[in-house]
Amino acid sequence: MLRGIAAEGTRRKMEATYTTPEVNRILQKVAAEVGDDQLASSIRVSPTALTQIKRLLNYGGTIITDTTMISAGLNERLLSGSGARVATFINDPGVVQLAEQRRATRAEIAVDMGLAVPGIKLMVIGSAPAAINRLLVRRQYEPMNDVCVLAAPT
């Protein structure tokens, strides 16, 4: 199952809002951090997303970002000692070359590379519709039990 957290606007919106006291605290922190209560109220969290993220932080895994800006903004203090690592493939020379050869976007190829990383993964996607679409297509054809998606689609 593809688990995740997403802002509204995705084609496949979650029908019901899942909430717990922990989710509410996180959403309040998001609202305070960005100064936008409406953004926090548009976030949808799947029932298993936080469990998956905690597994990644407790047992090691990879946070895969679609931009270097996102990876630079991750809290290293939170990740230190967790065994989790951060990877960004969008500017990898192999991604650029494969994208040209396959006439695909770098975002699509970067998603493929990210999904090939072994272990638990948190795919963090900003506003890259091609990356989100690639995840949805891949999900149709293969299991994604160890993948959680944090996306902010436009």
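Conventions used here
Residues numbered from 1 in each chain as written. Predicted model: local features only at pLDDT ≥ 70, side-chain atom pairs only at ≥ 80, totals over all residues. Heavy atoms only, no water. Helix = DSSP H or I, 4+ residues; strand = E, 2+ residues; numbered from the N terminus. Expected span 1.5 Å × (residues − 1). Buried < 20%, exposed > 50% of the residue type's maximum accessible area, 1.4 Å probe, protein only. Arc of directions from axis to C-beta. Contact = heavy atoms within 4.5 Å. Core = buried A, V, L, I, M, F, W, Y, C linked by side-chain atoms within 4.5 Å. Pairing = 2+ DSSP bridges. Right-handed = clockwise from strand over helix to strand, strands pointing away. Salt bridge = Lys/Arg side-chain N within 4 Å of Asp/Glu carboxyl O. Polar contact = N/O pair within 3.5 Å; in protein donor to acceptor, adjacent residues only side chain to side chain.

A. Quick peek at helix α1 (residues 21-34). Given a rise of 1.5 Å per residue, 14 residues ought to cover 20 Å, and the 20 Å separating the end C-alpha atoms of α1 matches this to within 8%. Among all positions of α1, only V23, L27 and A31 are buried. Viewed end-on, α1 has its buried residues packed into an arc of 75°, placing them on one side of the element. Exposed residues pointing more than 90 degrees away from the buried face of α1 are listed as P21, Q28, K29, A32 and E33. If you follow the buried residues of α1, they end up packed against α2 (37-42), β2 (43-45) and α3 (49-59). Looking at the residues trailing α1, positive phi occurs at G35, about 70°.

B. Expanded view of the nonpolar core. By size, the foremost hydrophobic cluster in this structure holds 22 residues, and its most contacted members are F89, L115, M123, I125 and L135. Elements with a contribution of two residues or more to this core: α6 (93-102), α7 (106-116), β5 (121-125), α8 (129-141) and β6 (147-151). Looking at this core, the element that brings in the most residues is α7, giving 5 residues. Other than its neighbours up to four places away in sequence, F89 contacts I64, T65, V95, A110, M113, G114 and V117. Core analysis: the next-biggest nonpolar cluster, separate from the first, contains 17 residues, V23, A49, I120 and C148 among them.

C. The arrangement of the pairing of β5 in detail. Burial of β5 is extensive: 5 of the 5 residues sit out of reach of the surface. Of the two faces of β5, the one holding K121, M123 and I125 and the one holding L122 and V124 are both buried throughout. In the sheet, strand β3 (residues 62-65) pairs with β5 via 4 bridges, with the strands oriented parallel. Opposite T65, over in β5, you have V124 as the bridge partner. Crossover handedness for the path β5 to α8 to β6: right-handed.

D. How the structure looks around the pattern of salt bridges. On inspection of all chains with the given rule, the structure shows 5 salt bridges. Here K54 ties to E22 by a salt bridge, and the two come within 3.0 Å at their closest N and O atoms. Of this pair, K54 sits in helix α3 while E22 sits in helix α1, and the two are 32 residues apart along the sequence. The shortest N-O distance in the salt bridge between R138 and D112 comes to 2.7 Å. One end of the pair, R138, is in helix α8; the other, D112, is in helix α7, with 26 residues separating them in the sequence. The exposure classification of R138 matches that of D112, with both residues buried.

E. Structural detail: the pairing of β3. Side chains of β3 alternate between two faces, with T62 and I64 and I63 and T65 buried alike. Pairing of β3 with strand β4 (residues 85-88), which is carried by 4 bridges, proceeds in the parallel orientation. Bridge pairing links T65 to T88 in β4.

F. Layout of the side chain of T65. Along the chain, the position of T65 falls in strand β3. You can call T65 buried: its relative accessible area is 4%. Reaching out from T65, the side chain makes a polar contact with the side chain of T88 at a distance of 2.6 Å. The contacts of T65, once residues within four sequence positions are left out, are I70, S71, L74, V86, A87, T88, F89 and V124.

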